[in-house]
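Notes for the structure review
Chain by chain, the residues run as shown.
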Amino acid sequence: MIDGRVVLERFPAGGPRGSWPAEEFARDRRLEGQPAEVIMDLATDAFLVIVPRAEAVAG
């Protein structure tokens, strides 16, 4: 959990050119009704797909 948000998935920042797996994962979660968003975790050089804690519990 990060600041009241739950990390659904982590993706390495060094993916193949033209590949956006974190954005695609977040889009799929949004299509399911979760307010997923992508943030960059500079400390781990990874993209995180997150949702508010209440959404993670309800979903």
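Residues numbered from 1 in each chain as written. Predicted model: local features only at pLDDT ≥ 70, side-chain atom pairs only at ≥ 80, totals over all residues. Heavy atoms only, no water.

What about the side chain of aspartate 41?
- Mapped onto the secondary structure, aspartate 41 falls in strand E2 (residues 37-41).
- The buried charged residue aspartate 41 lacks any salt bridge, with arginine 10 as its nearest oppositely charged partner at 4.0 Å.
- With near-sequence residues (within four places) excluded, aspartate 41 lies in contact with Arg10, Ala46 and Leu48. (Helix = DSSP H or I, 4+ residues; strand = E, 2+ residues; numbered from the N terminus. Buried < 20%, exposed > 50% of the residue type's maximum accessible area, 1.4 Å probe, protein only. Lys, Arg positive; Asp, Glu negative; His and termini not counted. Salt bridge = Lys/Arg side-chain N within 4 Å of Asp/Glu carboxyl O. Contact = heavy atoms within 4.5 Å.)

A word on the nonpolar core
- Core analysis: the biggest nonpolar cluster contains six residues, these being Phe11, Ala22, Ala26, Ala36, Val49 and Val51.
- At the level of secondary structure, the elements contributing two or more residues to this core comprise helix H1 (21-31) and strand E3 (46-52). (Core = buried A, V, L, I, M, F, W, Y, C linked by side-chain atoms within 4.5 Å.)

Notes on the pattern of salt bridges
- One pass over the full model with this rule turns up two salt bridges.
- The partner of glutamate 32 in a salt bridge is arginine 29, with the nearest N and O atoms 3.0 Å apart.
- Taking relative accessible area as the criterion, arginine 29 reaches 14% and is therefore assigned buried.

Thoughts on the sheet that holds E2
- Read across the open sheet, the three strands follow the order E1-E3-E2; overall the sheet is antiparallel. Either end of the sheet is taken by a strand with one partner, and the two such strands are strand E1 (5-12) and E2. Each strand of the sheet is rotated relative to its neighbour by a mean of 35°, with strand direction disregarded.
- Sheet topology places E2 next to E3; five bridges connect them, and they run antiparallel. Bridging across to E3, methionine 40 finds its partner in phenylalanine 47.
- In this fold H1 packs onto E1, E2 and E3, with an angle of close to 145° to the strand it touches most, E1. (Pairing = 2+ DSSP bridges. Axes fitted to C-alpha atoms, helices over the stretch in contact; angles between N-to-C directions.)

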